Protein chains: 2
Amino acid sequence: MVDTVGIVGLGLIGGSLARRLVRRGVRVVAWNHRSHPYAQAEADGIYCKSTLAELMSAEPDVVVLCNPLKAMPSILAELKPLLAKSPRTTLTDVGSVKGMVRDQVKAAGLGECYVGAHPMAGNELSGWQAADPHLYDDALWAVTVDEDTAYQRFYTVASLITHDVANRIIVLDDETHDKGAAMISHMPHVVSTALINELVANPDRNVAAALSAGCWRDMTRVALTDPDRTRAMVEEDALNVEILLRRMAAQLTAVADQLHNGDAAATKQFFAAGDPFRRYKSAVAAPDASFARQELEVPERGWQQTLLFSARRGEAITGFINPRQAIIELRPAI
Amino acid sequence: MVDTVGIVGLGLIGGSLARRLVRRGVRVVAWNHRSHPYAQAEADGIYCKSTLAELMSAEPDVVVLCNPLKAMPSILAELKPLLAKSPRTTLTDVGSVKGMVRDQVKAAGLGECYVGAHPMAGNELSGWQAADPHLYDDALWAVTVDEDTAYQRFYTVASLITHDVANRIIVLDDETHDKGAAMISHMPHVVSTALINELVANPDRNVAAALSAGCWRDMTRVALTDPDRTRAMVEEDALNVEILLRRMAAQLTAVADQLHNGDAAATKQFFAAGDPFRRYKSAVAAPDASFARQELEVPERGWQQTLLFSARRGEAITGFINPRQAIIELRPAI
């Protein structure tokens, strides 16, 4: 169904996506703010364009914005008149916050053709030289919609991801996405940074570093990535991160009080509270874990809610039999 | 110098140590509270004994207590009369808190022959069946002493670790050890547990879990290990953990306030505060990183302070030329 995809930005995420799509037989046109990756990208079968107008002349079914978030307003402004001439083209992106991107897209007058997306893929590297089609192996994408999203627009992006990229999707509204991302990534990045700050402030930091092993290495890995990029990510999801940081601070203070008072029963309760996640994790990670699949009918009205509830049950869409019949994978719930 | 080593407890840590010492030509006698590992241990060249009295009859130069901390008082009581008849034998242990163990050792009247030790080695497994001599590859041990420790006792344990186990050591007092371990392990274990508790309490926990990737996986790995074992470790180092938890809570609250107030300058400062650790880490982890070695003279009086200051500078002892000349490795400081 998708014939040509336009990729805006050939960094780690965009470059990896472009290379994966080419390998899987999709025609890919690309534009990057600097042309340095073009020779290698062309050798990989990606048609590189010197302007966004040229990219749009290739009549892409979907344009995927893989540019940095800070470049979003200017790129959207440049795309606005081009997309007006190409009503079939659906616009999507790969940003790690979705509410803010939709606001920018709407401000640019492009809300009608937009469906949000966020692939759960990435590593500590960046740039075209790190691009690798295997970055998306087994990845899950969040696809974000609102009450005004046309189903055909959603279905185009969902088909691209499930069929052409061969990944799974869950469908969310922007707020649910941004809250979830704050929970499992944005807030923990702040916590990881606070850990290394605490070490630096410790008078016996060299002794502590010498004693450190696997626990410390794993818990501070994300604090070693570019702190400016992390800060931007956190500030873009500020409200959700703020709420979770206050909850975490309250938990840590409660444990400190329990230790102070020798309240062993409360500490025991604290350490047991995460058991549902431990059980979920061992079920999902079991070497023989396999997940049943079944069909899910997508209604014409209220399809957004149907798909959101499916995601809340822990299900993910792996493909479509037809636009109204999705195939979902059933995973253990927490 | 060390001819025979007695190992008390053939779990992951004791079993791995026993197997490594046998491979490196040391005679190892062992006792375990249950005899189920004995057939395999004997096949590996470990002489298994049915009582602690039999173990002591082998006249070990060093006895290493690798039993669980909760068994410590009863084992120390049983060893007391046996060690009285074997004044040459030095007692050490591998516990993850050192102040409490020394208190127990002193309470048993065994302070004179004791030197503390804590190998920075381990994994999420436990028991003899997981014992592996490679567990100690490149490991660093903390060796803990106090003002009353006889240098000969220290030197016996230090030689065992550097020469026979082929590991590095840093020399600390109990308090410095327990504060450092709280910083890089005990407190972070609480933080990791608080993260999974927060997810479990989140109404959209299944969505959040679906969105989770490397950051979440790494930051919650230690929360998946046996929560009772983690709780015991935290409670044994309660005061140090309490202080650090309050500091972490204050940091997280400060960032929440900054995000609330849009105080970008303060948030930028928060994300930059860990830079000294980032620089240290990239220096230590560089593929071509190599560390100069030099000799350190160990004075007869005040040797504890000399070795503690060396550890505080980021140095580690790799061996000895003679009892008064240590070889130290110079690592970047934070």
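Since the model is a prediction, treat every value here as computed from it, not as a measurement.

**Topic: the overall build of chain A**
Helix and strand content of chain A: 14 helices and 11 strands. Relative to its length of 334 residues, chain A is compact, with a C-alpha radius of gyration of 22 Å against a globular reference of 20 Å. Viewed in the frame of its principal axes, chain A has a C-alpha envelope of about 70 × 45 × 40 Å. Buried positions account for 59% of the 334 residues belonging to chain A. Long-range pairs, those at least 24 residues apart, make up 71% of the contacts in chain A between residues at least 6 apart in sequence. Here chain A displays about 13,500 Å² of accessible surface, and carbon together with sulfur accounts for 51% of that area. A gap of 2 Å separates the mean positions of the 34 positive and 40 negative side-chain charges of chain A.

**Thoughts on unusual backbone geometry**
Even without being a glycine, A166(A) presents a positive backbone phi close to 65 degrees. With respect to the helices, strands and loops of the structure, A166(A) is situated in the loop between α6 (151-164) and β8 (168-172). When its relative accessible area of 35% is taken as the criterion, A166(A) is described as partly exposed. Residues other than glycine seldom take positive phi values, yet D138(B) does so here, at roughly 60 degrees. Note that D138(B) resides in the loop between β6 (116-119) and β7 (140-144).

**Section: the pattern of salt bridges**
Where charged atoms from two side chains of opposite charge come close, those side chains can pair. For the structure shown, the criterion picks out 46 salt bridges over all chains. Put simply, R102(A), K106(A), D146(A) and D174(A) are held in one network by salt bridges that share partners.

**Brief notes about the relation of the copies chain A and chain B**
Both copies of the chain are related by one operation, a rotation about an axis with a shift along it. The two copies are related by a screw motion: chain A maps onto chain B through a turn of 180 degrees and a shift of 0.0 Å along the axis, at an RMSD of 0.0 Å. Overall, the copies show the geometry of a two-fold rotation axis. Same-surface contact between copies: 100% of interface residues of chain A are shared with the interface of chain B.

**Digging into helix α10 (residues 227-236) of chain B**
Regarding α10(B), the residues found buried are P227(B), T230(B), R231(B), M233(B) and V234(B). Viewed along the axis of α10(B), the buried residues span an arc of 160 degrees, placing them on a single side of the element. Summarising the contacts, the buried residues of α10(B) are in contact with α11 (238-261), α12 (264-272) and α13 (275-285) of chain A together with α7 (174-201) and α11 (238-261) of chain B. With a side-chain oxygen lying 3.0 Å from the backbone nitrogen of D228(B), the N-terminal cap of α10(B) falls on D226(B).

**Topic: the interface of chain A and chain B**
Taken together, the contact between chain A and chain B spans 91 residues of the former and 92 residues of the latter. There are 10 salt bridges connecting chain A and chain B. Between D228(A) and K268(B) there is a salt bridge, with the nearest N and O atoms lying 3.6 Å from each other. Inspection of the chain A/chain B interface yields 30 residue pairs in polar contact (both at pLDDT 80 or more). Element by element, the count of residues in the side of chain A that touches chain B is highest for helix α7 (residues 174-201) of chain A, at 22 residues. Its residues assigned to classes, the side of chain A that touches chain B shows 51 nonpolar, 21 polar and 19 charged.

**Quick word on helix α13 (residues 275-285) of chain B**
By the burial criterion, the buried members of α13(B) are F277(B), R278(B) and Y280(B). Looking straight down α13(B), one finds that the buried residues subtend no more than 165 degrees of arc, so they occupy a single side.

**Let's talk about the domain arrangement of chain A**
Residues and elements named next belong to chain A. Parsing chain A into structural domains produces domain 1 (4-172), domain 2 (178-273) and domain 3 (275-334). Where domain 1 abuts domain 3, roughly 1,300 Å² becomes buried across the two surfaces, and 69% of that area is made up of carbon and sulfur atoms. Across the domain 1-domain 3 interface, the total number found is 1 salt bridge. Across the salt bridge formed by E329 and R168, the nearest N and O atoms sit 3.8 Å from each other. At the surface where domain 1 touches domain 3, the tally comes to 4 residue pairs in polar contact (both at pLDDT 80 or more). Contributing elements (two or more residues each) for the side of domain 1 that touches domain 3: α6 and β8. Each residue belonging to the side of domain 1 that touches domain 3 can be placed in one class, and the counts come to 11 nonpolar, 3 polar and 4 charged.

**Notes on the sheet that holds strand β2 (residues 27-31) of chain B**
Residue and element names in this part refer to chain B. Taken in spatial order, the 5 strands line up as β3-β2-β1-β4-β5 in an open sheet, and their pairing is parallel. Looking at the sheet topology across the chains shown, the edges are occupied by β3 (47-48) and β5 (90-93). Both strand β1 (residues 4-8) and strand β4 (residues 62-65) contribute to a ladder of 4 bridges, which runs parallel. Residue V5 lies in a different strand from β4, and its bridge partner there is V62. Against the sheet, helix α1 (residues 12-23) contacts β1, β2 and β4, and its axis sits at roughly 165 degrees relative to β1.

**Section: the side chain of T225(B)**
Following the sequence through the fold, T225(B) ends up in the loop between α9 (214-220) and α10. Within the structure, the side chain of T225(B) is placed 2.7 Å from the backbone oxygen of V222(B), a separation counted as a polar contact. Those residues within four positions of T225(B) in sequence are excluded, and the remaining contacts are R278(A), E124(B) and T230(B).

**Overview of the pairing of strand β4 (residues 62-65) of chain A**
A regular strand places its side chains so that they alternate between the two faces of the sheet. Residue and element names in this part refer to chain A. Burial along β4 is two-sided: V62 and V64 facing one way and V63 and L65 facing the other are all buried. Pairing between β4 and strand β5 (residues 90-93): 4 bridges, direction parallel. Among the inter-strand pairings, V64 is bridged to a residue of β5, identified as T92. Traced from β4 through helix α4 (residues 72-84) to β5, the parallel crossover comes out right-handed.

**Here's the deal with the sheet that holds strand β1 (residues 4-8) of chain A**
In sheet architecture, strand pairing relies on hydrogen bonds along the backbone and comes in two forms, parallel and antiparallel. Residues and elements named next belong to chain A. Read from one edge to the other, the open sheet built from 5 strands follows the order β3-β2-β1-β4-β5, with strand pairing classed as parallel. Whereas interior strands pair on both sides, the edge strands pair on one side only; in this sheet they are β3 (47-48) and β5. Set on the sheet, helix α1 (residues 12-23) makes contact with β1, β2 (27-31) and β4; between it and β1 the angle comes to about 165 degrees.

**Looking at the packing of α11(A) against α11(B)**
One can describe the packing of α11(A) onto α11(B) by two numbers: an axis separation of 8 Å at closest approach and a directional angle of 160 degrees. Judged by the angle between their axes, α11(A) and α11(B) are roughly antiparallel. For α11(A) against α11(B), the interelement crossing comes out left-handed. A class-by-class count of the residues in the contact of α11(A) with α11(B) yields 18 nonpolar, 4 polar and 6 charged.

**Some points on the UniProt feature "domain: Prephenate/arogenate dehydrogenase" (unreviewed entry) in chain A**
In this numbering, the UniProt entry assigns the feature "domain: Prephenate/arogenate dehydrogenase" (unreviewed entry) to residues 3-289 of chain A. Within the segment residues 3-289 of chain A, helix and strand shares are 54% and 12% respectively, and the terminal C-alpha atoms sit 35 Å apart.

**Observations regarding the environment of K268(A)**
The topology assignment puts K268(A) in helix α12. Relative accessible area serves as the criterion here: at 43%, K268(A) is assigned to the partly exposed category. Distance in space between the C-alpha atoms of K268(A) and Q258(A) is 9.9 Å, their sequence separation being 10 residues. Residues within four places of K268(A) in sequence aside, it is in contact with D228(B) and R231(B).

**Side note on the environment of V28(A)**
All names here are of chain A. Of note, V28 is situated in strand β2. Separated by 11 residues in the primary sequence, V28 and L17 have C-alpha atoms spaced 9.7 Å apart. Those residues within four positions of V28 in sequence are excluded, and the remaining contacts are V5, I7, A18, L21, V22, I46 and Y47.

Calculation rules
- Residues numbered from 1 in each chain as written.
- Chains lettered and ligands numbered in written order.
- Predicted model: local features only at pLDDT ≥ 70, side-chain atom pairs only at ≥ 80, totals over all residues.
- Heavy atoms only, no water.
- Helix = DSSP H or I, 4+ residues; strand = E, 2+ residues; numbered from the N terminus.
- Rg over C-alpha atoms; globule rule 2.2 N^0.38 Å.
- Buried < 20%, exposed > 50% of the residue type's maximum accessible area, 1.4 Å probe, protein only.
- Contact = heavy atoms within 4.5 Å.
- Areas by Shrake-Rupley, 256 points an atom, 1.4 Å probe, with all protein chains shown as cover.
- Lys, Arg positive; Asp, Glu negative; His and termini not counted.
- Charge placed at Lys NZ, Arg CZ, Asp CG, Glu CD.
- Salt bridge = Lys/Arg side-chain N within 4 Å of Asp/Glu carboxyl O.
- Least-squares fit on C-alpha atoms with pLDDT ≥ 70 in both.
- Arc of directions from axis to C-beta.
- Polar contact = N/O pair within 3.5 Å; in protein donor to acceptor, adjacent residues only side chain to side chain.
- Nonpolar A, V, L, I, M, F, W, Y, C, P; charged D, E, K, R; others polar.
- Domains from an automatic or database assignment.
- Buried area = accessible area lost by both parts, 1.4 Å probe.
- Pairing = 2+ DSSP bridges.
- Axes fitted to C-alpha atoms, helices over the stretch in contact; angles between N-to-C directions.
- Right-handed = clockwise from strand over helix to strand, strands pointing away.
- Parallel < 35°, antiparallel > 145°, perpendicular 65-115°, else oblique.
- Left-handed = near helix turned anticlockwise from the far one by under 90°.
- UniProt positions renumbered as here; feature names shortened; annotations may be inferred.

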